Amino acid sequence: MAPITVDAVSKAFRIPTVRRDTIREHVFGVLRPQQFHRLQALDSVSFELRAGETLGIMGRNGSGKSTLLKILCGVYPPDRGRVERRAAVTPILDLGVGWNPELDAVDNVCLIGSVMGLSLAEIRRSMDEMLAFAELQEFANLKLAHYSSGMSSRLAYAVAFQAVREVLVLDEIFAVGDAGFRQRCEERYRQLHAKGHTVLLVSHDPRAVTSFCDRALLLDHGRVVAEDTPRQIAERYVSSLTSQAAGV
Amino acid sequence: MTAASLAASPVERRPASARAGLVWTLVRTDFKARYHGTIGGFVWALLKPMSMFIVLMAVFSFLFASKPAYKLNLIIGLFLWDFFAEGTKTGLTSLHARGYLLTKAQVPSWILVVTAISNALITLAVFWVVIVVFLATFGHVPSPAAIIAFTAYCLAMIAIVIGFSLASSVLFLRYRDLNQVWDVVVQAGFFIAPIIYPLDILPERFHFYLYIWPPTPVIEFSRAALVAGTMPTLRGHLYLAGDAAFCLLVGIAVYRWLSPRAAEYI
């Protein structure tokens, strides 16, 4: 049975023309009704993530990829439709953020590892391995406030790769670090794939999708407009970018 | 949200050990970030109500010289109030402060709210001991029944603070000046609750209104049990239990209503 089934999922955001974030603004604006733009981020999206496969999702900025990932991971609720998750999902979303700057790397790893479902024993056992993977052993006791965005992102990958139970959801795989780090990420990905883990990969990079995915989808304006081999989807994505640039 | 999507909410497959680890890590890292991981840092948190107690006792014990138990009542009122004020303020901003965890993965967000008041809870536990020792030092050794009753009143206060925190934490994501409003309410509430003055200096017809403010019955009942040695009536206990249950249930209801979309407001 498919670890994840997405059935006719829709999601819209109401974007106010003028934001009201305070009680004061709501009280003073009570006689001026708010106006909203409706942004349809996802429109009846359906697909299955099959056991053991790597599914790629491509799409231009604003096509709904990030919203879809957040719904799949349970961060956002859908407006309509249903997502059935039959396996534990480990996401890598919003890289570079999600840390407490007042804590050092060790405590942050405990925090994020716990959020991702690792037990404290598992975290302690694999702490050295995670820090080594991110090449941050020397900075283990440095507060994250002093980390660069690249260091934070490497740490995020290290924790998430360790936390994978069944399904790994990746937003822009291997987009961080130097060539050596990217190579280690790719190697780790291959190990997970060989062990039969299921992966959902969102990327703008045609090389990543054609190299790592078994199947791919193309999203456009919140809809799945194509489902094909990674090569076909990558070519269609690149041609859509080209026609956009040409104003077609 | 439709019934279909509610039914489709993903089942969380978080093992119990991982959930316990999450709670412990949140409590430990919160303590570490706030007090730099030292007992010395924690002592500063205790000094605030302590110094307040010394100043108020020095000033108001002259005013209420005819009431020998004034200082005992004052310390009970101040320490319980400190827990209420600190707990609600921290709880209110908890989801916003820990929003970076909400957008990372599916996490039981109520744990983020409840563990945010852990520091106030630790302080309350220390105050509990300080109050009992202070009373014993001044010749008011509490009976076992009084200690049990005081513990129950503290639990009622914890339920009130958790209920408030659950509701206010999700509302704060939508109304970003709620913390400023609450600061004003807390400042006024300090004088509405009979902390620095004995309740009986006010006409009895006003007492009912003061008891609507949740900290009032907790403080008054604790004083009655620990200092006066008299137990409040059954009706009084039922009122406090109902008050705490009401605050907790309303907090849970508001939280359940608004929390599914909390991550969209981070």
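The sections below set out a description of the structure shown in this document. Bear in mind that the values here come from a model prediction, so they are computed numbers and not experimental data.

## Re the overall build of chain B
- Helix and strand counts for chain B stand at twelve helices and zero strands.
- Counting from the amino terminus, chain B carries its helices and strands in the arrangement α-α-α-α-α-α-α-α-α-α-α-α.
- At 20 Å, chain B has a C-alpha radius of gyration in line with the 18 Å of a compact globule built from 266 residues.
- Overall size of chain B, expressed as C-alpha extent along the three principal axes, is 65 × 45 × 35 Å.

## Some thoughts on the pairing of strand β5 (residues 89-92) of chain A
All names here are of chain A.
- Of the two faces of β5, the one carrying Val89 and Pro91 and the one carrying Thr90 and Ile92 are both buried.
- Direction of pairing for β5 relative to strand β6 (residues 167-171): parallel, over a ladder of four bridges. The residue of β6 that forms the bridge with Thr90 is Leu168.

## Regarding helix α9 (residues 178-192) of chain B
- Between its first and last C-alpha, α9(B) extends 20 Å over 15 residues, near the 21 Å set by a 1.5 Å rise per residue.
- Among all positions in α9(B), only Leu178(B), Trp182(B), Val186(B), Gly189(B) and Phe190(B) are buried. Projection of α9(B) onto a plane perpendicular to its axis shows the buried side chains occupying an angular sector of 115°, all on one side. Exposed residues on α9(B) whose side chains face more than 90 degrees from its buried face are Gln180(B), Val184(B) and Gln187(B).
- In this structure, the buried side of α9(B) is in contact with α1 (23-28) of chain A together with α3 (39-63), α4 (70-97) and α8 (144-174) of chain B.

## What to know about the packing of α4(B) against helix α11 (residues 215-228) of chain B
Residues and elements named next belong to chain B.
- Two numbers describe how α4 lies on α11: the axes approach to 10 Å, and their chain directions differ by 145°. Along this stretch, α4 crosses α11, giving a crossing that reads as right-handed. Along its contact with α4, which presents Leu72, Asn73, Leu74, Ile76, Gly77, Leu80, Trp81 and Phe84, the element α11 presents Pro215, Val218, Ile219, Ser222, Arg223, Leu226 and Val227.
- Of the residues belonging to the contact of α4 with α11, the class tally is eleven nonpolar, three polar and one charged.

## Notes on the interface of chain B and chain A
- Taken together, the contact between chain B and chain A spans 38 residues of the former and 45 residues of the latter.
- Overall, the association of chain B and chain A removes approximately 3,500 Å² of surface from exposure, summing both partners, and the carbon and sulfur fraction of that is 60%.
- Scanning the region where chain B abuts chain A turns up four salt bridges.
- In this structure, Asp107(A) engages Arg28(B) in a salt bridge whose closest nitrogen and oxygen atoms are separated by 2.9 Å.
- Here chain B is connected to chain A by eight residue pairs in polar contact (both at pLDDT 80 or more).
- Elements with a minimum of two residues in the side of chain B that touches chain A: α1 (3-7), α2 (16-35), α5 (99-102) and α9 of chain B.
- Sorting elements by how many residues they give to the side of chain B that touches chain A places α2(B) first, with eleven residues.

## Focus on the packing of helix α3 (residues 105-115) of chain A against α2(B)
- It is the contact of α3(A) with α2(B), at a shortest axis distance of 9 Å, that shows an interaxial angle of 150°. Comparing their axes, α2(B) and α3(A) come out roughly antiparallel. At the point where α3(A) passes α2(B), the crossing takes the left-handed sense. Taken together, the residues of α2(B) that come into contact with α3(A) (itself represented by Asp107(A), Cys110(A), Leu111(A), Ser114(A) and Val115(A)) are Gly21(B), Leu22(B), Thr25(B), Leu26(B), Arg28(B), Thr29(B) and Lys32(B).
- For the contact of α3(A) with α2(B), the class distribution of residues is five nonpolar, four polar and three charged.

## What to know about the environment of Gly222(A)
Residue and element names in this part refer to chain A.
- One can find Gly222 in the loop between β8 (215-220) and β9 (223-228).
- Considering only alpha carbons, one finds Gly222 and Glu25, 197 residues apart in sequence, at a separation of 32 Å.
- In contact with Gly222, other than residues within four places in its own chain, are Ala41, Leu42, Asp43, Val45 and Ser63.

## Considerations on the side chain of Asp82(B)
Residue and element names in this part refer to chain B.
- With respect to the secondary-structure elements, Asp82 resides in helix α4.
- No salt bridge is formed by the buried Asp82; its nearest oppositely charged neighbour, Lys48, is found at 4.2 Å.
- Ignoring any residue separated from it by four or fewer positions in sequence, one finds Asp82 in contact with Lys48, Pro49, Gly87, Thr123 and Phe127.

## Concerning the nonpolar core
- Within the largest apolar cluster, 131 residues are counted, with the highest numbers of intra-cluster contacts made by Leu155(A) and Leu80(B).
- Phe47(A), Leu55(A), Ile57(A) and Cys73(A) belong to the second-largest nonpolar core, a separate cluster that totals 29 residues.

## Focus on the sheet that holds strand β1 (residues 4-16) of chain A
Residue and element names in this part refer to chain A.
- The strand order across the open sheet formed by three strands is β2-β1-β4, and the pairing between neighbours is antiparallel. Of all the strands in the sheet, the pair left with one neighbour each is β2 (36-49) and β4 (80-85). Across the sheet, the mean angle separating the axes of adjacent strands is 30° when strand polarity is ignored.
- Where β1 lies against β4, five bridges are found, and the strand directions are antiparallel. Across the sheet, Asp7 pairs through a bridge with Arg82, a residue of β4.
- Here helix α2 (residues 65-72) sits on the sheet and contacts β1, β2 and β4; the angle it forms with β2, its principal contact strand, is near 60°.

Cut-off values and rules
- Residues numbered from 1 in each chain as written.
- Chains lettered and ligands numbered in written order.
- Predicted model: local features only at pLDDT ≥ 70, side-chain atom pairs only at ≥ 80, totals over all residues.
- Heavy atoms only, no water.
- Helix = DSSP H or I, 4+ residues; strand = E, 2+ residues; numbered from the N terminus.
- Rg over C-alpha atoms; globule rule 2.2 N^0.38 Å.
- Buried < 20%, exposed > 50% of the residue type's maximum accessible area, 1.4 Å probe, protein only.
- Pairing = 2+ DSSP bridges.
- Expected span 1.5 Å × (residues − 1).
- Arc of directions from axis to C-beta.
- Contact = heavy atoms within 4.5 Å.
- Axes fitted to C-alpha atoms, helices over the stretch in contact; angles between N-to-C directions.
- Left-handed = near helix turned anticlockwise from the far one by under 90°.
- Nonpolar A, V, L, I, M, F, W, Y, C, P; charged D, E, K, R; others polar.
- Buried area = accessible area lost by both parts, 1.4 Å probe.
- Salt bridge = Lys/Arg side-chain N within 4 Å of Asp/Glu carboxyl O.
- Polar contact = N/O pair within 3.5 Å; in protein donor to acceptor, adjacent residues only side chain to side chain.
- Parallel < 35°, antiparallel > 145°, perpendicular 65-115°, else oblique.
- Lys, Arg positive; Asp, Glu negative; His and termini not counted.
- Core = buried A, V, L, I, M, F, W, Y, C linked by side-chain atoms within 4.5 Å.

Such coordinate-based values are descriptive only and should not be taken to indicate function.
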